[in-house]
Amino acid sequence: MTPAWRRAAPVLTVTLLLLCGLLQILPETPRWPAASAWRAAGAWLAGLWPPATDAAFLQRVLGATLATLAMATLGTLGAHLIGVPLALLGNARVSVSAVGRPMAWWARAARVALRAAMLLLRSVPELVWALLLVRLVGLGPLAGTLAIALGGAGLVAKVHAEALESVPRAPIDAALANGAGRWQVLVSEAVPRCRDELLSYSVYRWECALRTSAVLGLVGAGGLGQELDLSLRFGANDEVMVLLTLLIALVWLADAVGNGLRAPAAAHPGKAGAGAGTSAGAGAWRARVIRTVSSVLVVALVIGSVASYGSFEAFLLHDPLDALARFAADFLPPDVPAERWPSLWRAARETLAMSFVGIVLASLLALPLALLARAGPRRTTMASSTVLRGVPELIWALLLVIVLGLGPLTGCAAIAIHNTGVLVRLFVASLDAFDDPAGAALRANGASRSGTFLFATLPGVLPRLLAHVLYRWEHAIRVAAVLGVVGAGGLGQSLHVSLGLFRLQEAAGTILAMMVLVAGVDLVSFAVRRYRVD
């Protein structure tokens, strides 16, 4: 293959897959927005203002907000308690058995088994975990907390394992060869080299958990999602306005806490001159204060979440092992009737198409918005991205059904809108952190800003941007698998129908199809990152 074809092949491949996805989605769209649909959407939007101020509603929403915070905080903590040990035990970077010789077969087999467990946990979306756990532990925040912990554990394990594997091997091998223990090397060598990356992802996981906990209420797991579901069902748009604003405020809170925890030791480096030392000292002091306040806030959230949690008592009154045995007997073994295989295959294609088309559209929208944020109205652009990503995809789908109707086009639009907000934030962060000596040289020689970006900055930063897009595709396939719960087609709609008709073994077969599809996308994304990015 010539160099020109090698450069053009990825673009042609993505274009072909995008066309295939559109051909899968558009024929399944029952109707395009008609004038009546736009009028209905306008009337719905007009009903959002003024927001509800009823005292009883606001008091109920306060309790739901605390429940959402508790679910997200304890769920994220649980995900790390499960995922971090899996990442450490399944990682060969700090393994004594791999130093100076091939890894023993039993050690390799154990690590493969642990990685399979990671893949299994992250292949089931949190909403599906919640649907199953509600039947096991009953309605309430406990089901949501366990769903976030189990669904997030696989993702935490994956990211921590990949971060540790990116650490240079030489200093770790030297320490292990000189008699240092595995945990000593981990604490003194491996973790400090990727600490900022791990901290950043942990805060991001909490932000995701906040959005997820709001969605889980739609299936009976309590919190803001349950209130939002009731308000949408009864057409109380003024209440919807309050609830959506709270969701966006929670995402802003997660951003603020994350920025505080990531505050560098010298947030405001001193400028050259007599005041440099004073400025650097003030910047370091300010960064320490911000980090301390953020850490105290995180600890307070954990303690408050545990203290406010009242669902464990109700759960412990029952025999959990007996409930688990009855639950497994109802669902296993998976059994999808032969006549359902064609519709399941079509639903799987819809799910894959929704995720791919949605994430490509989000990428195409996010890049110019990220460049706009860096070039001019940064605060306005970043605030808009916070609004877009503050509303989960499932909620976007509920709102877009008014205009686009039921079907996969609604799910695709919901994925595109939400991920545009997420990718704008990630792209801006990557562009800000990118060291661009080639671009600086071109600008010094009179090159235009657009030419510098196209021929110097973009080729250098593209691997980082591509990595963000691939990670978001892995997330999008999980979301696309459940959007059918609100009528957006795909495997989620098949699961919703099976559970509604109490065909539990058929539902288990649909969940198995979800797991295979999500695992396949994970493996493809991993292979592309290794080949094109790493």
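Note that this is a predicted model, so its numbers are computed, not measured. (Residues numbered from 1 in each chain as written. Predicted model: local features only at pLDDT ≥ 70, side-chain atom pairs only at ≥ 80, totals over all residues. Heavy atoms only, no water.)

Participant: So what's going on with the overall build of the chain? Which residues, and what values?
Facilitator: Broken down by element type, the chain carries 22 helices and zero strands. Sequence-distant contacts in the chain: of pairs separated by 6 or more residues, those separated by 24 or more amount to 81%. Of the roughly 25,600 Å² that the chain leaves accessible, carbon and sulfur atoms contribute 70%. (Helix = DSSP H or I, 4+ residues; strand = E, 2+ residues; numbered from the N terminus. Contact = heavy atoms within 4.5 Å. Areas by Shrake-Rupley, 256 points an atom, 1.4 Å probe, with all protein chains shown as cover.)

Participant: Residues and numbers for the environment of Met515, please.
Facilitator: Locating Met515 in the fold gives a position in helix 22 (residues 504–533). Separated by 37 residues in the primary sequence, Met515 and Arg478 have C-alpha atoms spaced 9.0 Å apart. Dropping the residues within four chain positions of it, Met515 is found in contact with Leu120, Ser123 and Val124.

Participant: Account for the nonpolar core, naming residues and giving values.
Facilitator: Counting residues in hydrophobic clusters, the biggest one holds 103 residues, and the most contacted among them are Leu127, Val128, Leu244, Phe331 and Leu495. With 10 residues, helix 5 (residues 126–137) is the single largest residue contributor to this core. When residues of this core are assigned to domains, at least three map to each of domain 1 (10–46 + 340–534) and domain 2 (51–266 + 287–331). Here Leu127 is in contact with Val215, Leu216, Val219, Leu394, Val482 and Val485, once residues within four sequence places are set aside. One finds Ala362, Ala370, Val424 and Phe427 within the second-largest nonpolar core, a separate group that totals 16 residues. (Core = buried A, V, L, I, M, F, W, Y, C linked by side-chain atoms within 4.5 Å. Buried < 20%, exposed > 50% of the residue type's maximum accessible area, 1.4 Å probe, protein only. Domains from an automatic or database assignment.)

Participant: Account for the side chain of His418, naming residues and giving values.
Facilitator: Considering the arrangement of structural elements, one finds His418 in helix 18 (residues 408–433). Owing to a relative accessible area of 0%, His418 belongs among the buried residues under this scheme.

Participant: Quick rundown of a nonpolar patch on the surface? Include the residues and the values.
Facilitator: Taken together, the side chains of Leu77, Leu81 and Ile82 define a hydrophobic patch exposed on the protein surface, amounting to about 270 Å² of accessible area. Its place among the elements puts Ile82 in helix 3 (residues 55–89). (Patch = residues over 30% accessible without salt bridge, like charges linked within 9 Å, V, L, I, M, F, W, Y side chains within 5 Å. Salt bridge = Lys/Arg side-chain N within 4 Å of Asp/Glu carboxyl O.)

Participant: Residue-level account of the packing of helix 3 against helix 9 (residues 195–216), with values.
Facilitator: Contact geometry of helix 3 with helix 9 gives a least axis separation of 8 Å together with a crossing angle of 135°. When the axes of helix 3 and helix 9 are compared, the pair comes out oblique. For the element pair helix 3 and helix 9, the recorded crossing hand is right-handed. Contact with helix 3, carried on its side by Thr68, Leu69, Met71, Ala72, Thr73, Thr76 and His80, involves Ser202, Arg205, Trp206, Ala209, Leu210, Ser213 and Ala214 of helix 9 and no other residues of that element. (Axes fitted to C-alpha atoms, helices over the stretch in contact; angles between N-to-C directions. Parallel < 35°, antiparallel > 145°, perpendicular 65-115°, else oblique. Left-handed = near helix turned anticlockwise from the far one by under 90°.)

Participant: How would you summarise the packing of aromatic side chains if you had to cite specific residues and measurements?
Facilitator: Evaluation of the coordinates by the stated rule reveals one aromatic pair. Measuring from centroid to centroid gives 5.7 Å for Phe356 and Trp473, while their planes differ by 75°, and the two rings are edge-to-face. Separated by 117 residues along the polypeptide, Phe356 in helix 15 (residues 341–375) and Trp473 in helix 20 (residues 449–480) bring together distant segments of the chain. The exposure class assigned to Trp473 is buried, which follows from its relative accessible area of 12%. (Phe/Tyr/Trp six-rings, centres within 6.5 Å; stacked < 30°, edge-to-face > 60°.)

Participant: Account for helix 6 (residues 141–165), naming residues and giving values.
Facilitator: Here helix 6 spans 35 Å end to end across 25 residues, near enough to the 36 Å set by a 1.5 Å rise per residue. The largest bend in helix 6 comes to about 30°, at Gly152. Along helix 6, 21 of the 25 residues are buried, which leaves the element largely enclosed by surrounding structure. (Expected span 1.5 Å × (residues − 1). Bend = angle between axes of the 7 residues up to and from the residue.)

Participant: With reference to specific residues and values, describe the pattern of salt bridges.
Facilitator: Pairing between side chains of opposite charge can happen when the charged atoms of each approach one another. Per the stated rule, a full pass over the model turns up 12 salt bridges. Where Glu207 meets Arg425, a salt bridge forms, and the shortest distance between an N and an O atom there is 2.9 Å. Of the two residues, Glu207 is situated in helix 9 and Arg425 in helix 18; the sequence distance between them amounts to 218 residues. Judged by its relative accessible area of 2%, Glu207 falls in the buried class. The exposure class of Arg425 is buried, given its relative accessible area of 18%. The shortest N-O distance in the salt bridge between Asp432 and Arg374 comes to 3.0 Å. With Asp432 in helix 18 and Arg374 in helix 15, the pair connects residues that are 58 residues apart, well separated along the chain. Residue classification places Arg374 among the partly exposed positions, given a relative accessible area of 41%. One salt-bridge network, in which partners are shared between bridges, spans Glu207, Arg211, Arg389 and Arg425.

Participant: Can you explain the environment of Pro171? Please cite residues and give values.
Facilitator: Along the chain, Pro171 turns up in helix 7 (residues 169–177). For the pair formed by Pro171 and Ala190, sequence separation is 19 residues and the distance between their alpha carbons is 9.0 Å.

Participant: Lay out the side chain of Thr510 with the relevant residues and their values.
Facilitator: Tracing the backbone shows Thr510 in helix 22. Here Thr510 falls in the buried class, since its relative accessible area comes to 1%. In contact with Thr510, not counting residues within four places along its chain, are Val336, Leu344, Leu491, Ser494, Leu495 and Ser498.

Participant: Any chance you could break down the confidence of the model for the chain for me, citing the residues and the numbers?
Facilitator: It should be kept in mind that the predicted coordinates are not to be read in detail where pLDDT is low. Confidence in the prediction of the chain, expressed as mean pLDDT, is 76, and 76% of residues score 70 or more. Ranking the elements of the chain by mean pLDDT puts helix 13 (residues 311–316) last, at 48, and helix 15 first, at 89. Long-range and interchain partners of residues 311–317, a stretch whose pLDDT sits below 50, account for six contacts in this model, where long-range means more than four residues apart. (pLDDT = per-residue confidence, 0-100.)

Participant: Summarise the environment of Phe427; cite the residues concerned and give the values.
Facilitator: One can find Phe427 in helix 18. Owing to a relative accessible area of 3%, Phe427 belongs among the buried residues under this scheme. In sequence terms Phe427 and Leu367 are 60 residues apart; their C-alpha atoms lie 7.0 Å from each other. In this view, Phe427 contacts Ser363, Ala366, Leu367, Ala370, Leu465, His468 and Val469; residues no more than four positions away in its chain are not counted.

Participant: Lay out helix 18 in plain terms, naming residues and giving numbers.
Facilitator: In this model, helix 18 (26 residues) spans 37 Å end to end at C-alpha, consistent with the 38 Å of a helix rising 1.5 Å per residue. At Thr420, helix 18 shows its largest kink, close to 25°. Most of helix 18 sits out of view: 20 of its 26 residues are buried.

Participant: I'd love a proper account of the packing of helix 5 against helix 9, names of residues and values included.
Facilitator: Between helix 5 and helix 9, whose axes approach to 10 Å, the crossing angle comes to 45°. With respect to their mutual orientation, helix 5 and helix 9 come out oblique. Regarding helix 5 and helix 9, the two cross each other, and that crossing is right-handed. Seen from helix 5, the contacting residues are Glu126, Leu127 and Ala130; seen from helix 9, they are Arg205, Thr212, Val215 and Leu216. Taken together, the residues of the contact of helix 5 with helix 9 sort by class into four nonpolar, one polar and two charged. (Nonpolar A, V, L, I, M, F, W, Y, C, P; charged D, E, K, R; others polar.)

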